[in-house]
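Now for the letters of each chain:
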Amino acid sequence: SDETVASRRSEGPQSPTALGATATGKQLMDQIRDEIAALDAAESTLLDTRLALARRDAYRALGVLVGGLLLAALLVVALLLVLRRDHRAREAAAAALRRHADQIHDLYNQAPCGYHSLDADGLITVMNDTELAWLGYTREETVGHLRLHTMIAPRSLPAFEKSFPNFVRTGAVNNVEYDFLRKDGSTFPVIINAIAIHDSAGRYISSRATVFDITKRKQNEELIRQAAAYAESIVETVREPLVILTRDLAVNSANRSYYELFQTTPADVVGRPLAELGAREWALPDLLAALGRVVPEQTSFDDREITLTFASIGRKILRLSARKLHRPGNHTTLLLLALEDVTDTRRVEHLRLHFHALFESLPGLYLVLTPALRIAAVSDAYLRATHTTRAGILDHALFEVFPDNPATPHADGTANLRASLERVAALAAPDTMAIQRYDVRRPDGVFEERYWSPVNSPVLDADGGLEYIIHRIEDVTDFVRKKTAAHDAPSSSGEPGDRALQARLEQMEAEVYQRSQEVGAVLERLRAANAELEAFSYSVSHDLRAPLRHIEGFSGMLEQHASATLDATGRRYLTVIADSARRMGTLIDDLLTFARIGRTEMHRLPVHLDGLVRDARQTLAGDIGARSIEWELLSLPVVHGDSNLLRQVFANLLGNAVKYTGRTPAARITVAPAPELARPGEVVIAVRDNGAGFNMKYAAKLFGVFQRLHSAAEFEGTGVGLANVRRIIERHGGRTWAEGKPGEGASFYFSLPAALPGTPGPGPESKPPTL
């Protein structure tokens, strides 16, 4: 190539062609070709070698690469497994942390107490759900918007503003009570405990507080206070005087009844030893020793009676009971001394014993029977007449002690007497029997012929029920025998024997008259004793007025003095006291009326009952007011009695009818005679209404003193009116009874003696009014 280039340069463009065509060029070309072929062969051999080597290296590299890839894959898998395990552990830990955080969050938000935090400016930064629910706000309304003092009730705000600077300075408050203000304006009591957080320079930056709603605690405290006040009021209103003594027998306290009974004050009693009270009347060694053993020895005593003469109130008989004061969970060293003034009770018992001895010494033949016909009491004369002893017949069945004479086939003494006693029990009225043959068993067991004239009379209790039956007899055996002998003997009035028999009969009649006079004298003594009892009840009723006047007067003065400072509860208490005092006054008035009826002298005259009914109806006009009542007043007969007392009967019965029809829309009251229920010589009057009625199960209680079948909240009253009715009617020799059904009305009946024959009937003025 070089020669060709040089040739071209020197010889021209044709030289290289000529040179190539020469042998030299051909030779050179062949050499070149050979060289090139050799080069190609060498290159091919080298290429093959290199390809083989490369192929070998490639296979090796591929193997290494595949192995590396497999190893890397294994490492990746292992790494993934490790990462997966770590991830799961982290997820578990994160879940646990979330659960723990949720629990803490729930515990914070749902805690039974409130939590809140304040910043340095007093803004609320955090508040849990409990406190938000108490206040009635949402979190969005509260956090970052409200300050704590806006949630403090106005009455607690001064105390809060006064104590908050001290809290910032000291760093803590404990158990401080405030009233919180809800969103709706209502309040509730809380207790706050808080700590203040300060920075390194001691500046206040925030606070955290817990809040406890103490509404229930306050309610419980109020209930406890009310219970204590209720218990104290019970103790204060207990009828019996109560004294609480310390272990060394000093007076710790006493109730109102004690101060009223002994006419003293707490200043003269509380803190002083019992033995030094008054004029040292209580300084009784035996009593003080017994009281001194109560606390240390856990002893007690009941119904211990002592008689003391006090300088202030005179002689009193007291019944004492003492025991250690019990308080659950409290080892108290106090003892309770309960006193009961039984002076009047013992006085009445003494009178009863006096009556009992008087009854037993009666000259007449008396036997007292229970409704079951068992012997409860007997006079000495009856024991002598029947050859029995008091120990042998008391509490025995009547017909067990006095059976019929078995030797007399047609003896009917027990049957007749039983029938008479059953009539007395059924009618609650006396029953006089005809002369009966009723033989008496002597102590030797032999029956002797005896004739008796019996009268059986009921004794009713305060409720109108049968309490006893008085069986009074006259032994007329000799009289019957003499009369029989005189009747059977031939008439020879001029004979000495006839004159002797006549004289004996007259003597027997004189003895009967003398015995009746003796019985009359005894009855007069009984009436005197009864009058003494009535005077005693009248005196007691009057004595009750003194403390009642004090209650009324001082409660009125207290209302005037403290009405401006009392709350609604205090004013209600004063109203209850005043109402109770007025009710007590009404009770005393009714009791006095009841006592007065028993002493009022009766003037029996013909009485036109129609006029009394009109008077009673006019008196009730104020109680009726605008009510519409249908009156049915039928013409009533003329009776023989006391017009003033009978006017009280109609006033009470018609007043009850008006009162107990007060809730009946169409009230109807009827006053009419009931001749179908009358006995010979009497008239029966019925007063009917369609009001509240009553249960016949309790009919026996209607005519008792202070007995009521309806509460005072339903119908006002004292329970004395019907007792007055019964007492008046009984004084007239009549009967009283009632019928009723709850919700369907009641009917009251009473009987009176009819007017004497020839008494003018009711005139024109006694016609019933036009309805």
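Residues numbered from 1 in each chain as written. Predicted model: local features only at pLDDT ≥ 70, side-chain atom pairs only at ≥ 80, totals over all residues. Heavy atoms only, no water.

Considering the overall build of the protein
What counts here: The way it works is that DSSP assigns letters per residue, a run of H or I at least four long becomes a helix, a run of E at least two long becomes a strand, and they are numbered from the N terminus. The cut-offs for exposure are 20% and 50% of the maximum accessible area for each residue type, with area from a 1.4 Å probe on protein chains only; residues under the lower value are buried, those over the upper are exposed, and the others partly exposed. What makes two residues a contact is simply this: any of their non-hydrogen atoms within 4.5 Å.
The secondary structure content of the protein amounts to 24 helices and 25 strands. In the protein, which comprises 771 residues, the proportion classed as buried is 33%. In the protein, 54% of the contacts between residues at least 6 apart in sequence involve partners at least 24 apart.

Comments concerning the sheet that holds strand E7 (residues 251-254)
Threshold: Pairing between two strands requires that DSSP report at least two bridges joining them. Where helices are involved, their axes are fitted lines through C-alpha atoms of the stretch in contact, as for all axes, and angles between N-to-C directions lie from 0 to 180°.
The sheet built from five strands is open, its strands ordered E7-E6-E10-E9-E8 with antiparallel pairing. Only two strands of the sheet have a single partner each, and these edge strands are E7 and strand E8 (301-310). Between one strand and the next, the sheet's axes are offset by a mean angle of 30°, whatever the strand orientation. Strand contacts of helix H10 (residues 285-292): strand E6 (242-245), E8, strand E9 (314-324) and strand E10 (335-341), with the helix running at about 145° to E8, the strand carrying the most contacts.

Focus on the environment of Glu 632
Inspection of the secondary structure assignment puts Glu 632 in strand E20 (residues 629-633). For Glu 632, a relative accessible area of 32% corresponds to the partly exposed category. Along the primary structure Glu 632 and Ile 669 are separated by 37 residues, whereas in three dimensions their C-alpha atoms are 6.2 Å apart.

Comments concerning the packing of aromatic side chains
Aromatic ring pairs: the centre-centre distance and the angle between the two ring planes describe each pair. Rule in force here: Aromatic rings from Phe, Tyr and Trp, taking only the six-membered ring of Trp, are treated as a pair when their centres fall within 6.5 Å; an angle between ring planes under 30 degrees marks them as stacked, one over 60 as edge-to-face, and anything in between as tilted.
One pass over the full model with this rule turns up 15 aromatic pairs. Taking the centre distance of 6.3 Å and the plane angle of 70° together, the rings of Trp 134 and Phe 188 count as edge-to-face. Placement of Trp 134 in helix H4 (residues 129-135) and of Phe 188 in strand E4 (residues 187-198) is noted, with a sequence separation of 54 residues between them. Phe 188 carries the same exposure label as Trp 134, and that label is buried. Where Phe 164 meets Phe 167, the ring centres are 5.7 Å apart and the plane angle is 50°; that geometry is what we call tilted. You can see Phe 164 and its partner Phe 167 sitting in helix H6 (residues 157-170), three residues apart, about one turn around the helix. Given a relative accessible area of 24%, Phe 164 falls into the partly exposed group.

Topic: the pairing of E4
Put simply, side chains in a regular strand alternate between the two faces of the sheet. Here strand E3 (residues 172-181) runs beside E4; their pairing, made up of eight bridges, is antiparallel. In the strand pairing of E4, Tyr 178 is matched with Val 190. Bridge analysis of E4 against strand E5 (residues 204-213) gives nine bridges, and the strand direction is antiparallel. When the sheet's bridge partners are listed, Val 190 is paired in E5 with Asp 213. Taking the residues between adjacent antiparallel strands as the criterion, E4 and E5 are bridged by five residues, where Gly 202 takes a positive phi near 85°.

Concerning the pairing of strand E25 (residues 745-753)
Of all nine residues that make up E25, eight are buried, and the element is covered over most of its length. Looking at chain direction, strand E23 (residues 682-689) and E25 are connected through eight bridges and run antiparallel. Counted as the bridge partner of Asp 689 is Ala 746 from E25. Bridging between strand E24 (residues 736-741) and E25 involves six bridges; their strand directions are antiparallel. Note that in E25 the partner of Ala 738 across the bridge is Phe 748.

A short note on the environment of Leu 336
Along the chain, Leu 336 falls in strand E10. Considering only alpha carbons, one finds Leu 336 and Leu 245, 91 residues apart in sequence, at a separation of 6.4 Å. Once residues within four sequence positions are removed from consideration, Leu 336 is found in contact with Leu 242, Val 243, Ile 244, Ser 321, Ala 322, Arg 323 and Leu 325.

Overview of helix H16 (residues 413-427)
As a reminder, the rule being used: One fewer than the residue count of a helix, multiplied by 1.5 Å, yields its expected span. This arc is built from the directions going out from the helix axis to the C-beta atoms.
If you check H16, its first and last C-alpha atoms are 21 Å apart, about what 15 residues at 1.5 Å a residue would give, namely 21 Å. For H16, the set of buried residues is Gly 413, Thr 414, Leu 417, Ser 420, Leu 421 and Val 424. The buried residues of H16 occupy one face: seen down the axis, they fall within an arc of 135°. In this structure, the buried side of H16 is in contact with strand E11 (365-369), helix H15 (398-401), strand E13 (431-432), strand E14 (436-437), strand E17 (451-460) and strand E18 (466-475). Of the residues flanking the end of H16, it is Ala 428, one or two places downstream, whose phi is positive at about 55°.

Focus on the side chain of Asp 689
Where we set the bar: A residue counts as positive if it is Lys or Arg and as negative if it is Asp or Glu; His and the chain ends are not included. The term salt bridge refers to a side-chain nitrogen of Lys or Arg lying within 4 Å of a carboxyl oxygen of Asp or Glu. Under the rule applied, a polar contact is a pair of N or O atoms within 3.5 Å (in protein, one hydrogen donor and one hydrogen acceptor; residues adjacent in sequence only if both atoms are side-chain atoms).
For Asp 689, the position within the fold is in strand E23. Buried charge without a partner: Asp 689 forms no salt bridge, and the closest opposite charge is Arg 668, 8.8 Å away. Only 2.9 Å separates the side chain of Asp 689 from the backbone nitrogen of Gly 691, close enough to count as a polar contact. Leave out the neighbours within four places in its chain, and Asp 689 touches Ala 657, Thr 661, Arg 668, Ile 669, Glu 744, Gly 745 and Ala 746.

Quick word on the sheet that holds strand E2 (residues 124-127)
Strand order in the open sheet formed by five strands is E2-E1-E5-E4-E3, and the pairing between neighbours is antiparallel. For this open sheet the edge positions go to E2 and E3, each flanked by a neighbour on one side alone. Here the average twist between neighbouring strands, direction ignored, is 25°. Note: strand E1 (residues 114-119) against E5, six bridges, orientation antiparallel. Considered in E5, the bridge of Asp 119 is made with Ser 206. Contacting E1, E3, E4 and E5, H6 runs over the sheet at an angle of about 150° to E3.

Details of the packing of helix H23 (residues 643-660) against helix H24 (residues 721-731)
Rules: For any pair of crossing helices, the crossing counts as left-handed if the nearer helix is rotated counterclockwise from the farther one by less than a right angle, and right-handed if it is rotated clockwise. Put simply, Ala, Val, Leu, Ile, Met, Phe, Trp, Tyr, Cys and Pro go in the nonpolar bin, Asp, Glu, Lys and Arg in the charged bin, and everything else, Gly too, in the polar bin.
Where H23 contacts H24, the axes come no closer than 9 Å and their chain directions differ by 145°. Every pair of crossing elements has a handedness; the one defined by H23 and H24 is left-handed. Contacts from Leu 645, Leu 646, Gln 648, Val 649, Asn 652, Leu 653 and Asn 656 in H23 reach Gly 721, Leu 722, Asn 724, Val 725, Ile 728, Ile 729 and Arg 731 in H24. Residues belonging to the contact of H23 with H24 are distributed by class as follows: eight nonpolar, five polar and one charged.

A look at the side chain of Thr 388
Residue position: Thr 388 is located in the loop between helix H13 (380-386) and helix H14 (390-393). If we ignore the near neighbours within four places in the chain, the residues touching Thr 388 are Leu 383, Ile 393 and Phe 402.

A few points about empty space enclosed by the protein
Short version of the rule: Cavity and pocket criteria rest on a 1 Å grid covering protein atoms alone: a 1.4 Å probe that fits but cannot get out defines a cavity, protein on both sides within 12 Å along at least 5 of 7 lines defines an open pocket, and an atom within 4 Å of a point defines a lining residue. Grid points are joined across faces, edges and corners, and a volume is the space filled by probe spheres set on the points.
The tally for this structure, following the rule as stated, stands at two cavities of 30 Å³ or more. In this structure, the largest cavity occupies an estimated 160 Å³ of space. Tyr 382, Leu 417, Tyr 438, Trp 452 and His 471 are the residues nearest the centre of the largest cavity, which is lined by 14 residues in total. Contributions of two or more residues to the lining of the largest cavity are made by H13, H16, E17 and E18. Taken together, the residues of the lining of the largest cavity break down into ten nonpolar, four polar and no charged.

Regarding the pattern of salt bridges
As enumerated under the stated definition, the model contains 25 salt bridges in all. In this structure, Glu 340 and Arg 319 form a salt bridge, with 3.4 Å as the shortest nitrogen-oxygen distance. With Glu 340 in strand E10 and Arg 319 in strand E9, the pair connects residues that are 21 residues apart, well separated along the chain. Here Glu 682 and Arg 735 are joined by a salt bridge, their closest N and O atoms 2.5 Å apart. Of this pair, Glu 682 sits in strand E23 while Arg 735 sits in the loop between H24 and E24, placing them 53 residues apart in sequence. Take Glu 682 and Arg 735: they sit in the same class, and that class is buried. Each of Arg 442, Asp 444, Glu 448, Arg 450 and Asp 475 takes part in one network of salt bridges that share partners.

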